[in-house]
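Topology and contacts: notes
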2 protein chains.
Amino acid sequence: MTTINDIAKLAEVSRSTVSRYLNSNGYVSEEAKKRIMKVIEETGYMPSQSAKSLRTKKTGVIGVILPKISTETASRVVSGINKVLQQNDYQMLLTTTSQEHKKEIEFIRLLQSRNVDGILLLATNTEKPLIDAIGNATVPIVALGQDIPTISSVIYPDYLATGEMIEYMIQKGYQHIGFIGVEEYDPAVGIERKRAFVDTLTKHQLKVNKDWIMQGDFSIESGYNSMKSIINSGSDRPDAVFAVTDQIAVGAMQFLKEQQIQIPNDIAIAATGASRLAQYIEPSLTVIDFLNEEAGAIAAELLIEELTGTKAIKKIIHDYRLLVRNSV
Amino acid sequence: MTTINDIAKLAEVSRSTVSRYLNSNGYVSEEAKKRIMKVIEETGYMPSQSAKSLRTKKTGVIGVILPKISTETASRVVSGINKVLQQNDYQMLLTTTSQEHKKEIEFIRLLQSRNVDGILLLATNTEKPLIDAIGNATVPIVALGQDIPTISSVIYPDYLATGEMIEYMIQKGYQHIGFIGVEEYDPAVGIERKRAFVDTLTKHQLKVNKDWIMQGDFSIESGYNSMKSIINSGSDRPDAVFAVTDQIAVGAMQFLKEQQIQIPNDIAIAATGASRLAQYIEPSLTVIDFLNEEAGAIAAELLIEELTGTKAIKKIIHDYRLLVRNSV
DNA sequence: CTGAAAGCGCTTACAG
DNA sequence: CTGAAAGCGCTTACAG
């Protein structure tokens, strides 16, 4: 392998000079420059990043921790992150927890031992062990999807957007609205969205029927089963159901279709998540779009800011929009 | 930051001993072991990977090059890769070319300067510059999705599977079959699938109608536009169309639905790609499933094999299955 | 069973 | 404008 020493020898300069040339700092005479350029060209030399980072303590690598890669939401976020990182000459080290919480902590440590310059955490909880691990970290961490008090976070407006969607459903005339959520260790998805649901119904003096409130787990199957439970619960049927993710909604719709229950005439469905599946399913799904790709990009920008100086903790409530389609 | 020197001092041994302990090679007395363990525990020490790789020339990082992260096919492949890599204590450095070919070459170089131990390439072409870049690489590269002659490759059975699907369509009674493909710089998707289409029709003495053969670009829109062109081509309508990806098929179906053309009664649709979208769209799409996650896992295993000895070039024709649903 | 020494490929003051 | 020297945090023969 060609090293900086080889280049120095071939170009008849010292390796300090080559280094200066490579990093464009300090003076290098035009002549030296030319010789170095030529030699680098000929040899195809590329500096060793390992050696460089050992000296500079910078790797140009950002660690990304996410629960699961193979959901459309996740892949959009990653796409946004990647775009910004690439523009700023950072590389992305991707780790996935397969939805196991403790792994978030493990990866925070692991990524640091890999000397990443910063970490982007798509958090699914805000429990103490995680907060502690973040506190002990020596590199900047930016959270996406949860508000983690101690660090900069890009937060989805879960409460606000869900509230608006429920308002929309009520305006459309639905009075008996059900809800399929997820476990509450996840504050953003599990608690906030449910709270908005309950608050909005209450505000309109509509009944919150426990038989119509289910807890799934992000999967299509759990949406299917939750809807089944709602329909078979013994109480009257709701005339509309809100699902906290589009995956859950797709499962719920599947069950309704099997039962020949018309959407939206018999039961309307709305959800969070602007996947292509939600768009092309029939009827097309009315959803909250959290503009995930953009959110990923913003989180990446926030992290890069912290890397280049700013130490302030920023909280960004991300934008959203309602995509009104045919399921409500 | 705690380094191996700090640990050595605190545990009252030399750093060689600490290193031996960390890598479990060479002898370390029980007593020394205990002291070292304790100190590491207390300090939360993690060895610097940069320093380690500078010495050992191994980083434990695998570079992955893919055209686009936000397609379901890609994210499944990545998921499979990630699983195997994680099991083997490798990390994944992810780069995306945004479908720009030259970037594949750029990234092969870039990843090497990052001292990755190996590269997994989801190739979209097999042109000379790429082959050359691969030839010049100093680390093992495994290709997925294209047969790259000089290196181990996991290849989708494009010709075989497409042929079987066309056979299936013919058996179902369709005689006027159209085709929506992609550009031919991509041998696997652009050439092989088309060749299978033409050969199978020819074998059954069916006419290959040029007006029914379109070229899209992997996007839903291009599927939409291609189907539009087929319908408006002036010649008779086909009674079935095969699309080389499910995305393209979804666009094509969209157009047919807008025109009130019944699927599959008026025109049947089949495609390659087992996305959830293909599954839940109506009618559900009959597709070839290339088991992408498994393919990713196999490619990763192949690469790890090469990393640990075996230098033989292996070609693996991956498995596939037909998912017969309601669109044909 | 253990430690001293050399070296991996860089960068960075410093002296000239 | 340029080079010699030190050092980043590890591992690895080698000698004991």
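Residues numbered from 1 in each chain as written. Chains lettered and ligands numbered in written order. Predicted model: local features only at pLDDT ≥ 70, side-chain atom pairs only at ≥ 80, totals over all residues. Heavy atoms only, no water.

As recorded in an unreviewed UniProt entry, chain A goes by the name Transcriptional regulator, LacI family, listed as coming from Gracilibacillus ureilyticus.

A:M169, A:I269, B:M169 and B:I269 are the most contacted members of the largest nonpolar core, which has 160 residues in total. Filtering out sequence-adjacent residues up to four positions away, A:I269 remains in contact with A:M227, A:V241, A:A249, A:M253, A:L256, A:I263, A:L285, A:T286, A:S327 and A:V328. Core analysis: the second largest hydrophobic core is formed by 40 residues, A:L121, A:V139, A:A143 and B:L121 among them. (Core = buried A, V, L, I, M, F, W, Y, C linked by side-chain atoms within 4.5 Å. Buried < 20%, exposed > 50% of the residue type's maximum accessible area, 1.4 Å probe, protein only. Contact = heavy atoms within 4.5 Å.)

Attention shifts here to the sheet that holds strand β2 (residues 91-96) of chain A. On the basis of which strands lie adjacent, the open sheet formed by twelve strands has the order β11(A)-β5(A)-β4(A)-β3(A)-β1(A)-β2(A)-β2(B)-β1(B)-β3(B)-β4(B)-β5(B)-β11(B) and mixed pairing. Of all strands in the sheet, those with a lone pairing partner are β11 (315-317) of chain A together with β11 (315-317) of chain B, marking the two edges. Between one strand axis and the next, the sheet turns by 20° as a mean value, whatever way the strands run. Where strand β1 (residues 61-66) of chain A and strand β3 (residues 118-122) of chain A come together, four bridges link them in parallel fashion. (Pairing = 2+ DSSP bridges. Helix = DSSP H or I, 4+ residues; strand = E, 2+ residues; numbered from the N terminus. Axes fitted to C-alpha atoms, helices over the stretch in contact; angles between N-to-C directions.)

Quick look at the protein's contact with DNA strand D now. Neighbouring residues of DNA strand D: 28 residues in total, closest A:S29, A:R55, B:I4, B:S19 and B:R55. Backbone atoms, meaning sugar and phosphate, form 56% of the atoms of DNA strand D found within 4 Å of the protein. At 3.0 Å from a sugar or linking oxygen of DNA strand D is found a side-chain nitrogen or oxygen belonging to A:K57. In this structure, B:S19 approaches DNA strand D through a side-chain N or O atom, which is 2.6 Å from a phosphate oxygen. Elements represented by at least two residues in the surface near DNA strand D include exactly α2 (15-23) and α4 (49-56) of chain A together with α2 (15-23) and α4 (49-56) of chain B. For the surface near DNA strand D, the leading source of residues is α4(B), giving five residues. Looking at the surface near DNA strand D residue by residue, the class counts come to ten nonpolar, eleven polar and seven charged. (Near = heavy atom within 4 Å. Polar contact = N/O pair within 3.5 Å; in protein donor to acceptor, adjacent residues only side chain to side chain. Nonpolar A, V, L, I, M, F, W, Y, C, P; charged D, E, K, R; others polar.)

Next up on the list: the protein's contact with DNA strand C. Around DNA strand C there are 28 residues in total, and A:I4, A:S19, A:R55, B:S29 and B:R55 lie nearest to it. Note that a phosphate oxygen of DNA strand C is positioned 2.8 Å from one of the side-chain N or O atoms of B:T17. If you list the elements that add at least two residues to the surface near DNA strand C, you get α2 and α4 of chain A together with α2 and α4 of chain B. Ranked by the residues each element gives to the surface near DNA strand C, the list is headed by α4(A), at five residues. Here the residues of the surface near DNA strand C sort into ten nonpolar, eleven polar and seven charged.

A few words now on the pattern of salt bridges. Using the criterion set out here, one finds 28 salt bridges over all chains in the structure. Of the charged contacts in the structure, one is a salt bridge between B:K33 and B:E30, with a shortest N-O distance of 3.6 Å. Of the two residues, B:K33 and B:E30 both sit in helix α3 (residues 30-43), three residues apart, roughly one turn of that helix. B:D147 is the salt-bridge partner of B:K315, the closest N and O atoms lying 2.9 Å from each other. Of the two residues, B:K315 sits in strand β11 while B:D147 sits in the loop between β4 (141-144) and β5 (153-155), which places them 168 residues apart along the sequence. Classification of B:K315 as partly exposed rests on a relative accessible area of 35%. Taken together, the salt bridges that share partners define one network made up of A:E192, A:R195 and A:D199. (Salt bridge = Lys/Arg side-chain N within 4 Å of Asp/Glu carboxyl O.)

On to the UniProt feature "domain: HTH lacI-type" (unreviewed entry) in chain A. Cross-referencing UniProt, the feature "domain: HTH lacI-type" (unreviewed entry) maps to residues 2-56 of chain A in the present numbering. Measuring from the first to the last C-alpha atom of residues 2-56 of chain A gives 21 Å, for a span that is 71% helix and 0% strand. (UniProt positions renumbered as here; feature names shortened; annotations may be inferred.)

Let's shift gears to helix α8 (residues 158-171) of chain A. All names here are of chain A. The terminal C-alpha atoms of α8, which comprises 14 residues, lie 20 Å apart, in line with the 20 Å expected from a rise of 1.5 Å per residue. For α8, the full list of buried residues reads D158, A161, T162, G163, M165, I166, E167, Y168, M169 and I170. If you follow the buried residues of α8, they end up packed against β6 (177-182), α9 (187-203), β8 (240-243), β9 (268-272), β10 (286-289) and β12 (321-323). One or two steps after α8, the chain reaches G173, where phi turns positive at roughly 105°. (Expected span 1.5 Å × (residues − 1).)

A separate point is the relation of the copies chain B and chain A. Copy one and copy two of the chain differ by a rotation about a common axis and a shift along it. Rotating chain B by 180° and moving it 0.0 Å along the rotation axis overlays it on chain A with an RMSD of 0.0 Å. These values place the two chain copies in the arrangement generated by a two-fold rotation axis. A share of 98% of interface residues in chain B that are also interface residues in chain A marks the association as one of identical surfaces. (Least-squares fit on C-alpha atoms with pLDDT ≥ 70 in both.)

A separate point is the environment of A:Q262. Within the fold, A:Q262 resides in the loop between α11 (246-258) and β9. Placed 133 residues apart in sequence, A:Q262 and A:P129 show a C-alpha to C-alpha distance of 46 Å.

Residues and elements named next belong to chain A. Here helix α3 (residues 30-43) is 14 residues long and its end C-alpha atoms lie 20 Å apart, about the 20 Å a rise of 1.5 Å per residue gives. What α3 keeps buried is the set A32, I36, V39 and I40. Down the axis of α3, the buried set is contained in an arc of 100°. They therefore lie on one face. Residues of α3 that are exposed and angled more than 90 degrees away from the buried face: E30, E31, K34, K38, E41 and E42. Looking at the buried side of α3, the elements it contacts are α1 (4-11) and α2. (Arc of directions from axis to C-beta.)

Let us now look at the domain arrangement of chain A. Residues and elements named next belong to chain A. When the domains of chain A are assigned, the result is domain 1 (4-47), domain 2 (57-156 + 292-319) and domain 3 (158-289). Each of domain 2 and domain 3 has a C-alpha centre, and the two are 29 Å apart. Between domain 2 and domain 3, the residue contacts involve ten residues of the former and nine residues of the latter. Together domain 2 and domain 3 conceal approximately 930 Å² of surface at their shared face, both sides included; 37% is due to carbon and sulfur atoms. Looking only at domain 2, the three residues that lose the most surface to domain 3 are E72, Q146 and Y156, adding up to 39% of its buried area. (Domains from an automatic or database assignment. Buried area = accessible area lost by both parts, 1.4 Å probe.)

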